[in-house]
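Residue strings, one per chain:
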Amino acid sequence: METKNQTDIAEFLLLGLSEDPEEQPLLFGLFLTIYLVTALGNLLIMLAIGSDSHLHTPMYFFLSHLSFTDLCFSTTTVPKMLVNIERRSKSISYTGCLTQVCFVLLFAGLENFLLAAMAYDRYVAICHPLRYVVIMNPCLCGLLILLSLVISSADALLHTLMVFRLSFCTELEIPHFFCELDQVIKVACSDTLINNILVYLVTSILGGVPLLGIIFSYTQIVSSILRMPSAGGKYKAFSTCGSHLSVVSLFYGTAFGVYISSALTHSSKETAIASLMYTVVPPMLNPFIYSLRNRDMKQALRKLI
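Residues numbered from 1 in each chain as written. Predicted model: local features only at pLDDT ≥ 70, side-chain atom pairs only at ≥ 80, totals over all residues. Heavy atoms only, no water.

Draft legend 1. Fine view of the side chain of glutamine 24. Residue placement: glutamine 24 occurs in helix H1 (residues 24–51). Look at glutamine 24 and you get buried, because its relative accessible area is 14%. With near-sequence residues (within four places) excluded, glutamine 24 lies in contact with Ser18, Glu19 and Ile85. (Helix = DSSP H or I, 4+ residues; strand = E, 2+ residues; numbered from the N terminus. Buried < 20%, exposed > 50% of the residue type's maximum accessible area, 1.4 Å probe, protein only. Contact = heavy atoms within 4.5 Å.)

The structure is reproduced here in structure tokens:
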């Protein structure tokens, strides 16, 4: 195959979920609806938290940032897919593809760290309620957000810059609806060993540490709840964690689903569907999980509407 330097590449081809022309209008309508629901749901969460002074607490502070991250995560991938379906095109420019890689990594990392920060918030609220206001002060909350942003940005830039050093061939078809890092590396002609090692190493550290933090927090939370004497106290404590646990299960469940499906199947379509579940479904469902299971959020949304 003829090898080209990365600076000579005009575009990649995103094969998407289906090449059947008859299915394109259905896919366009489906993903347009998903994106509008995602945007509206997360915007309502942010507006409700910002407009209700009762929700100006660390838990809702993190939730508002999670909603913003979910909105940006979905915006990074879905609009380009909708444009390609509408124009009956599969192309994405080289710069646009690497920009998409960078932002997908950034917002996925941010979501990962925000879920860990929210787990720590619930741990302090249940296990150290008398010291909650002192520990979860505005300075610490802001520092956690800033640290999450810095680490996620560094991770995204590192992987993107490492892709810049690769050379690509004439076969630039990506069997996904967006530019995923693994798929971009697979179509490279040059040696990708360093890139693959970096992906596994950094993902293990930046994905494993927050997950271990969440597991530790909930281990302590469950232990503390079981020691409570009253059934009402136990129920109230569990109810404050229910929404977060649901979101954590959805996020990590779909992430592990992508990993397992890519390891067990060689079907590009099945892998693309798994990635779709990871990037599109959690941002759409998170606002519903928090608004339907949380009485304070329901009240704030009623006031807002």
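Draft legend 2. Structural context of the UniProt feature "transmembrane region" (unreviewed entry) in the protein chain. In this numbering, the UniProt entry assigns the feature "transmembrane region" (unreviewed entry) to residues 26–47, 98–120, 132–154, 197–216, 237–260 and 272–292. Overall, residues 132–154 shows 91% helix and 0% strand. The separation of its end C-alpha atoms is 31 Å. Helix makes up 100% of residues 197–216 and strand 0%, and the two end C-alpha atoms of the span are 28 Å apart. (UniProt positions renumbered as here; feature names shortened; annotations may be inferred.)

Draft legend 3. The arrangement of the nonpolar core in detail. If you look at the biggest cluster of nonpolar residues, it comprises 86 residues, and the most contacted ones within it are Phe12, Phe31, Leu63, Leu115, Phe168, Val184 and Met297. The dominant element in this core, judged by the number of residues it contributes, is helix H3 (residues 94–127), at 20 residues. Beyond its immediate sequence surroundings of up to four residues, leucine 115 is in contact with Leu66, Ile214, His244, Val247, Val248, Phe251 and Tyr252. (Core = buried A, V, L, I, M, F, W, Y, C linked by side-chain atoms within 4.5 Å.)

Draft legend 4. Region of the structure containing the sheet that holds strand S2 (residues 11–14). What the three strands build is an open sheet, ordered S3-S2-S5; its pairing is mixed. Each edge of the sheet is formed by a strand with only one pairing partner; in this case those strands are strand S3 (91–93) and strand S5 (173–174). Pairing of S2 with S5, which is carried by two bridges, proceeds in the parallel orientation. Counterpart to leucine 14 in the pairing with S5 is isoleucine 174. Contacting S2, S3 and S5, H3 runs over the sheet at an angle of about 85° to S3. (Pairing = 2+ DSSP bridges. Axes fitted to C-alpha atoms, helices over the stretch in contact; angles between N-to-C directions.)

Draft legend 5. Structural context of the state of the cysteines. Applying the stated rule across the entire model yields one disulfide. The disulfide partner of cysteine 97 is cysteine 179, and the gap between their sulfur atoms is 2.0 Å. Measuring handedness by torsion sign, the sulfur bridge of cysteine 97 and cysteine 179 sits at about -120° and is left-handed. Here cysteine 97 is found in helix H3, whereas its partner cysteine 179 is found in the loop between S5 and helix H6 (181–186), with 82 residues between them in sequence. For the pair cysteine 97 and cysteine 179, one class covers both residues: buried. Free cysteine: cysteine 102, not disulfide-bonded; nearest cysteine sulfur from cysteine 97 at 12 Å. (Disulfide = S-S within 2.5 Å.)

Draft legend 6. Examining the packing of aromatic side chains more closely. Here the structure, examined in full by the defined rule, presents ten aromatic pairs. On the numbers, 6.3 Å between centres and 70° between planes, the contact of tyrosine 94 with phenylalanine 168 is edge-to-face. In this pair, tyrosine 94 sits in helix H3 while phenylalanine 168 sits in strand S4 (residues 168–169), placing the two residues 74 residues apart along the sequence. Here tyrosine 94 and phenylalanine 168 have matching classes, each one buried. On the basis of an interplanar angle of 40° and a centroid distance of 6.0 Å, the ring pair of tyrosine 120 and tyrosine 123 is categorised as tilted. Of the two residues, tyrosine 120 and tyrosine 123 both sit in helix H3, three residues apart, roughly one turn of that helix. Pairwise contacts between aromatic rings join Phe12, Tyr94, Phe164 and Phe168 into one cluster. (Phe/Tyr/Trp six-rings, centres within 6.5 Å; stacked < 30°, edge-to-face > 60°.)

Draft legend 7. Structural detail: a nonpolar patch on the surface. On the surface, a cluster of nonpolar side chains totalling about 480 Å² of accessible area is made up of Leu193, Ile197, Leu201, Ile205 and Val209. Structurally, isoleucine 197 is set in helix H7 (residues 193–226). (Patch = residues over 30% accessible without salt bridge, like charges linked within 9 Å, V, L, I, M, F, W, Y side chains within 5 Å. Areas by Shrake-Rupley, 256 points an atom, 1.4 Å probe, with all protein chains shown as cover. Salt bridge = Lys/Arg side-chain N within 4 Å of Asp/Glu carboxyl O.)

Draft legend 8. Representation of the pattern of salt bridges within the structure. Tallied over the full model, the rule gives two salt bridges. Here arginine 122 ties to aspartate 121 by a salt bridge, and the two come within 2.8 Å at their closest N and O atoms. Residue arginine 122 is classed as buried on the basis of its relative accessible area, which comes to 9%. Overall, aspartate 121 belongs to the buried group, its relative accessible area being 0%.

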